[in-house]
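The residues making up each chain are set out below.
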Amino acid sequence: MTTAIKTRSDLRLALGPVLFFWPKDTLLDFYSRMVELPLDAIYIGETVCSKRREMSRRDWIALAHDIAGASRARVILSGLALIEAASELSNLKRLCENGEFMVEANDMAAVRFLAGQGLPFVAGPALNLYSGASLAELIACGMQRWVPPVECSGATVAGALAELDAAGLARPEVEVFAHGYLPLAYSARCFTARLAGRPKDDCGFRCIEYPAGVAVDSQEGERLFTLNGIQTMSGRIGDLVGDLDDIAARGVDILRISPGLDAADVVATFDRVRQGGPAPEVEDGCNGYWHGRPGMTRVPPGIRSAGADGLA
Amino acid sequence: MELVCPAGSLTAVKIAIEAGADAIYVGLRDDTNARRFAGLNLDARELEQAVGLAHARRRRLFLAVNTYVRPGAGERWERAVELAATLGVDALIVADIGLLAHASRRYPDLPLHLSVQGSATNPEALAFYHARYGIRRAVLPRVLSLAQVAQVAKESPVPVEVFGFGSLCIMAEGRCHLSSYLTGESPNQGGACSPAGAVRWERDGEVLSSRLNEVLIDRFEPEERAGYPTLCKGRFVVEGRRLHAIEEPASLNTIDLIPRLAEIGVAAVKIEGRQRSPAYVEKVTRTWREALDAFAATGNDFDVRPHWSRTLAGLSEGSQTTLGAYHRPWQ
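Since the structure is predicted, the reported quantities are computational estimates derived from the model, not experimental observations.

Remarks on the overall build of chain A
For step 1, the next point in the chain: A count of helical and extended segments in chain A gives nine helices and 11 strands.
For step 2, the next point in the chain: Each principal axis of the C-alpha distribution contributes one length, and for chain A these read about 50 × 50 × 35 Å.
For step 3, the next point in the chain: The long-range share in chain A, meaning contacts at least 24 apart out of those at least 6 apart in sequence, stands at 68%.

Remarks on the confidence of the model for chain A
As a general rule, the predicted coordinates of low-pLDDT regions are not to be interpreted in detail.
For step 1, the next point in the chain: In the predicted model, chain A carries a mean pLDDT of 94, and 96% of its residues have values of at least 70.
For step 2, the next point in the chain: Segment residues 305-312 of chain A is flagged for pLDDT under 50; beyond a separation of four residues in sequence, or across chains, it makes 30 contacts in the model.

Let's talk about helix 4 (residues 108-116) of chain A
For step 1, the next point in the chain: Here helix 4 of chain A lies mainly inside the structure; eight of its nine residues are buried.
For step 2, the next point in the chain: Considered for burial, the residues of helix 4 of chain A that qualify are Met108(A), Ala109(A), Ala110(A), Val111(A), Arg112(A), Phe113(A), Leu114(A) and Ala115(A).

Observations regarding the sheet that holds strand 11 (residues 215-220) of chain B
Residue and element names in this part refer to chain B.
For step 1, the next point in the chain: Spatial ordering of the open sheet is given by 9-10-11, a layout of three strands whose pairing is antiparallel. A single partner strand is all that each edge strand has here, and the edge strands are strand 9 (199-204) and strand 11. This sheet shows a mean twist of 25° between the axes of neighbouring strands, independent of strand direction.
For step 2, the next point in the chain: For strand 10 (residues 207-212) and strand 11, the ladder comprises five bridges, and the chain directions are antiparallel. The partner of Leu-208 across the bridge, within strand 11, is Phe-220.

Re the interface of chain A and chain B
For step 1, the next point in the chain: Contact residues are listed per partner, giving 56 residues for chain A and 56 residues for chain B.
For step 2, the next point in the chain: For the side of chain A that touches chain B, the secondary-structure elements that each account for two or more residues are helix 3 (86-96), helix 4, helix 5 (132-141), helix 6 (154-166), strand 7 (173-187), helix 7 (191-195), strand 8 (214-217) and strand 10 (231-239) of chain A.
For step 3, the next point in the chain: Taken together, the residues that form the side of chain A that touches chain B break down as 30 nonpolar, 12 polar and 14 charged.
For step 4, the next point in the chain: In terms of strand pairing, strand 7 of chain A meets strand 8 (residues 171-176) of chain B through two bridges, oriented antiparallel. Following the sheet pairing, Ala185(A) is matched in strand 8 of chain B by Cys176(B).

Digging into the packing of helix 4 of chain A against helix 5 (residues 123-133) of chain B
For step 1, the next point in the chain: Following both chains from N to C, one finds helix 4 of chain A and helix 5 of chain B inclined at 65°, their axes separated by 7 Å at the closest point. With respect to helix 5 of chain B, the element helix 4 of chain A is oriented roughly perpendicular. By crossing handedness, the relation of helix 4 of chain A to helix 5 of chain B is classed as left-handed. Note on element contacts: helix 5 of chain B touches helix 4 of chain A through Glu124(B), Ala125(B), Ala127(B) and Phe128(B), opposite Met108(A), Ala109(A), Val111(A), Arg112(A) and Phe113(A).
For step 2, the next point in the chain: Considering only residue class, the contact of helix 4 of chain A with helix 5 of chain B consists of seven nonpolar, no polar and two charged.

What to know about the nonpolar core
For step 1, the next point in the chain: Grouped together as the largest cluster of nonpolar side chains are 204 residues, with contacts concentrated most on Ala16(B), Ile24(B) and Leu92(B).
For step 2, the next point in the chain: The element best represented in this core is strand 7 of chain A, accounting for nine residues.
For step 3, the next point in the chain: Residues lining this core come from more than one domain, with at least three contributed by each of domain 1 (2-168 + 250-330) and domain 2 (178-243) of chain B.
For step 4, the next point in the chain: Dropping the residues within four chain positions of it, Ala16(B) is found in contact with Cys5(B), Ala7(B), Ala21(B), Ile24(B), Val281(B) and Thr285(B).

Calculation rules
- Along every chain, residues carry numbers that run from 1 in the direction the sequence is written.
- Starting at A for chains and at 1 for ligands, labels are handed out in the order in which the entities are written.
- With pLDDT at 70 or above as the cut-off, local features in this predicted model cover only qualifying residues; side-chain atom pairs require 80 or more to be listed or tallied, and sums for whole chains, interfaces and linings still use all residues.
- Strands here mean DSSP runs of E at least two residues long; helices mean DSSP runs of H or I at least four residues long; both are numbered from the N terminus.
- Residues are defined as contacting one another if the C-beta atoms placed from their backbone atoms lie within 7 Å.
- Confidence of the predictor in every single residue is expressed as pLDDT, which spans 0 to 100.
- In this scheme every C-beta is placed from the backbone, and a residue whose C-beta has 20 or more other C-beta atoms within 10 Å is buried, one with 12 or fewer is exposed, and one in between is partly exposed.
- When DSSP finds two or more bridges between a pair of strands, those strands are recorded as paired.
- Helix axes are fitted only over the stretch in contact, all axes being lines through C-alpha atoms; the angle between N-to-C directions runs from 0 to 180 degrees.
- Only Asp, Glu, Lys and Arg are considered charged in this grouping, and only Ala, Val, Leu, Ile, Met, Phe, Trp, Tyr, Cys and Pro are considered nonpolar; every other residue, Gly among them, is considered polar.
- An angle below 35 degrees is treated as roughly parallel, one above 145 as roughly antiparallel, one from 65 to 115 as roughly perpendicular, and anything else as oblique.
- Crossings are classed by handedness, with left-handed meaning an anticlockwise turn of the near helix from the far one by less than a right angle and right-handed meaning a clockwise turn.
- Only buried residues count toward a nonpolar core: Ala, Val, Leu, Ile, Met, Phe, Trp, Tyr and Cys, linked into one set through C-beta atoms within 7 Å.
- What fixes the domain bounds is an automatic or database domain assignment.

Right, here's the structure in full:
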């Protein structure tokens, strides 16, 4: 199978789900501005913590309708990543049975629910898909779009797609995590509650006080991580704005912007650069993962990623 | 409950058998398993010997092939599966769905266990792996409370194995990229967390610093016990406070939960630590064997003997043990 080499102008933009816990008004106001932007897809839903109930499932569905009515973007509902309780499982099931909107699966339970109904789905970054053979398995289950784990390099993404080509299987759409704090880990423990000296079962919903997470620095003042409830994120913002030619050449179709409150500016920047504008100087962001290096590192433009069997 | 013990060498396999392990799990000396450390693990010839030793004593031998297959290098993982099938390994511990598909089609008689790296925490995820790949057991991540383990065990289509003792992974296994963020090496892809090659110790006067790829993980005063810089157990600064922001150095120890685990219907208890010494394997295995035998003999009158706790605390990080996520208030 041959695939035409893509260039950066072929890349589309998607807005990932909000990973932080924002008050309902903030969230609704945020999306009322997002519908104006040149986005191909808008993902909504709670992926981190089932205790966050500013938005009920009904609210999310209503928001999905509002966005679909006001924007050309496709609305996709993102599912919870770490599922521990029976109530979380039944909520996820109902999300998968919404009957209208495509779902992003972030746990194999969602894959099972969606495949059982014969519905196409997006495989989110919390699913461990690193190779052509594993992609083939989920393609057979209905995966239409692959968001690789955030630690995947460009070489790994291209290598997995080449394996699909060799097996004669059609590629899914590929969406990479292009901007935002990288979701790195999910835990039993809620770090935000713990910092506040509260047990997880009585957390007081403290993460609502941190719309961009809690900074974790080394004892030398180096920003290492960002705590977001049970999720640990990167300390630096992942930013691939300087790598769009390479990203397109490796077979990626869509760039995911993982939103902060400044998402409109980020989308505008990526939109400008994909249309040929100069990439802005990135000062604090990191892009190491894409280049097969430690995720926190910054590889300057002009230095290409490692070969096919380079550091994964 | 089956006692499943780790071995990072042929010596450790022998010692685990002597000390009373029902099953021993090992990995090959490459990046196909999640404990890829220098000088650790078995080559093909040693694996054959290990299988022979275990079977001669009617114990079982499991092979962990539980990293995610790297594009272009799949043959290495497939060779490991073939080796396991050829040598009569009793179960293959796998996480990657592409590899599960391969193994289940090519070697339908080779029992498959879902690795903890597969990160299945609920009955529907387990049903996915069971329906598609015929897994016969699943190892549960260390993020569930005891009540949640009970719920999963009740509804799971396959028997479950839980961690009983060892280093405490606070994140859902298979869903943690902290190590690759700092060092480029991850458990999922490279088979190592906080790899030794990235560690540097530095002394400045009385203060000892530990670094991982040059990032400062912790600083120790002379009176403090310096632990290995596993990055989630470092001391960091949050809102002006220096603290173990993610997790204190402590080991999981569930020996007093044995009656409850049995009641729940847990099929096997796993001891963590293929990277640890044969002496560790010997002590932990012997202690757990004694405890499981005592439970079998006394049932609900089971009491934790003080010397078990002392032995296990002595083998723990920072000499501290915890029930981890099994105990809800810890969460």
